Amino acid sequence: MYDLFFQKFNDKVPLTAAEQEQIKAYLTPKKLRKRQYLLQEEDVCKAIAFVEKGALREYAIENGSEHVIQFAIEGWIISDLFSFLTGEPATYNIDALEDAELVLITKTAHEELLKKQPKYETYIRLLITGAYIALQRRLTSNISLPAEERYTRFTETYPDIVQRVPQHMIASYIGLSPETLSRVRKKMADRR
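Given the structure is predicted, the values throughout are model-derived calculations rather than measurements.

Caption draft 1: Summary view of the overall build of the protein chain. Within the protein chain, the regular secondary structure consists of nine helices and eight strands. Taking all 192 residues of the protein chain together, the buried fraction comes to 40%. Here the protein chain displays about 10,900 Å² of accessible surface, and carbon together with sulfur accounts for 52% of that area. Across the protein chain, the mean location of the 27 positive side-chain charges is 4 Å away from that of the 27 negative side-chain charges.

Caption draft 2: Main features of a negative patch on the surface. There is a patch of like negative charges on the surface, built from Glu-41, Glu-42, Asp-43 and Glu-62. Among the secondary structure elements, Glu-42 is positioned in the loop between strand S2 (37-39) and strand S3 (47-53). We classify Glu-42 as exposed; its relative accessible area is 55%.

Caption draft 3: Highlighting the sheet that holds strand S1 (residues 28-32). Taken together, four strands build an open sheet; the order of strands is S1-S8-S3-S6 and the sheet is antiparallel. The open sheet terminates on both sides in strands that have one partner only, identified here as S1 and strand S6 (77-78). Across six bridges, the pairing between S3 and strand S8 (residues 100-106) is antiparallel. Opposite Ala-49, over in S8, you have Leu-104 as the bridge partner.

Caption draft 4: Highlighting the nonpolar core. Among the nonpolar cores identified, the biggest contains 21 residues, and Phe-71, Tyr-151, Phe-154, Val-165, Ile-174 and Leu-181 are the most heavily contacted of them. Those elements that provide at least two residues to this core are strand S5 (65-72), helix H6 (147-157), helix H7 (159-162), helix H8 (167-173) and helix H9 (178-191). At four residues, H8 tops the list of elements feeding residues into this core. For Val-165, the residues in contact, after removing those within four places along its chain, are Phe-71, Leu-97 and Ile-170.

Caption draft 5: Focus on the pairing of S3. Counting buried residues in S3 gives six out of seven residues, a clear majority hidden from the surface. By the bridge criterion, two bridges tie S3 to S6 in an arrangement that is antiparallel. Bridge pairing in S6 places Phe-50 opposite Ile-77.

Caption draft 6: Summary view of the packing of aromatic side chains. Across all of its chains, the model carries ten aromatic pairs by this definition. With centroids separated by 4.0 Å and ring planes inclined at 25°, the aromatic side chains of Phe-9 and Tyr-123 adopt a geometry described as stacked. Here Phe-9, found in helix H1 (residues 3-12), pairs with Tyr-123, found in helix H5 (residues 118-144); they are 114 residues apart in sequence, far enough to count as distant. For the pair Phe-9 and Tyr-123, one class covers both residues: buried. For the ring pair Phe-71 and Tyr-173, a centre distance of 5.4 Å and an interplane angle of 40° mean the geometry is tilted. Here Phe-71, found in strand S5, pairs with Tyr-173, found in helix H8; they are 102 residues apart in sequence, far enough to count as distant. Here the two residues Phe-71 and Tyr-173 agree in accessibility, since each one is buried.

Caption draft 7: Molecular detail of the environment of Ala-100. Along the chain, Ala-100 falls in strand S8. Since its relative accessible area comes to 3%, Ala-100 is described here as buried. In this view, Ala-100 contacts Lys-30, Lys-31, Leu-32, Lys-53, Gly-54 and Leu-56; residues no more than four positions away in its chain are not counted.

Conventions and cut-offs
Residues numbered from 1 in each chain as written. Predicted model: local features only at pLDDT ≥ 70, side-chain atom pairs only at ≥ 80, totals over all residues. Heavy atoms only, no water. Helix = DSSP H or I, 4+ residues; strand = E, 2+ residues; numbered from the N terminus. Buried < 20%, exposed > 50% of the residue type's maximum accessible area, 1.4 Å probe, protein only. Areas by Shrake-Rupley, 256 points an atom, 1.4 Å probe, with all protein chains shown as cover. Lys, Arg positive; Asp, Glu negative; His and termini not counted. Charge placed at Lys NZ, Arg CZ, Asp CG, Glu CD. Patch = residues over 30% accessible without salt bridge, like charges linked within 9 Å, V, L, I, M, F, W, Y side chains within 5 Å. Salt bridge = Lys/Arg side-chain N within 4 Å of Asp/Glu carboxyl O. Pairing = 2+ DSSP bridges. Core = buried A, V, L, I, M, F, W, Y, C linked by side-chain atoms within 4.5 Å. Contact = heavy atoms within 4.5 Å. Phe/Tyr/Trp six-rings, centres within 6.5 Å; stacked < 30°, edge-to-face > 60°.

Printed below as a string of structure tokens:
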């Protein structure tokens, strides 16, 4: 169950067998069915989830519209990090787009591992740094690039997601209406 988790961990920060067993003791497996929630808005986020199998999304609902904040497929993590770190109610929902198998790290386990396992702290720092860089790139893209270029960049950066996620969710993620994305895709197809 923890194979991909430790593969990704070891890609960034190599672990000894003993270190891996120490970390494994703090992990919790969880399965979700398609459309099942991992987190609902207003609940406190109690864990960071690593996706072993499946696909999830994180989103907010404002004025009846969904705004997709993040997708997570195999090898990625997902959480309402603000809620997880502060203990305040979540502002996002996280649900499964496909049946999923997750590895959870609870807040208590996270805090203990940060103290006991320096390689875990390094791994988390690398993950958060990478996520921050990706967030900055996404914000810059959504603010400055035309619709067609945003979609092209998304499909080039995340080809696996394009095949697994409905187009209206991709439109939301890149800051477009579904109708605008449909026009962009038609225009691109007509040029081919």
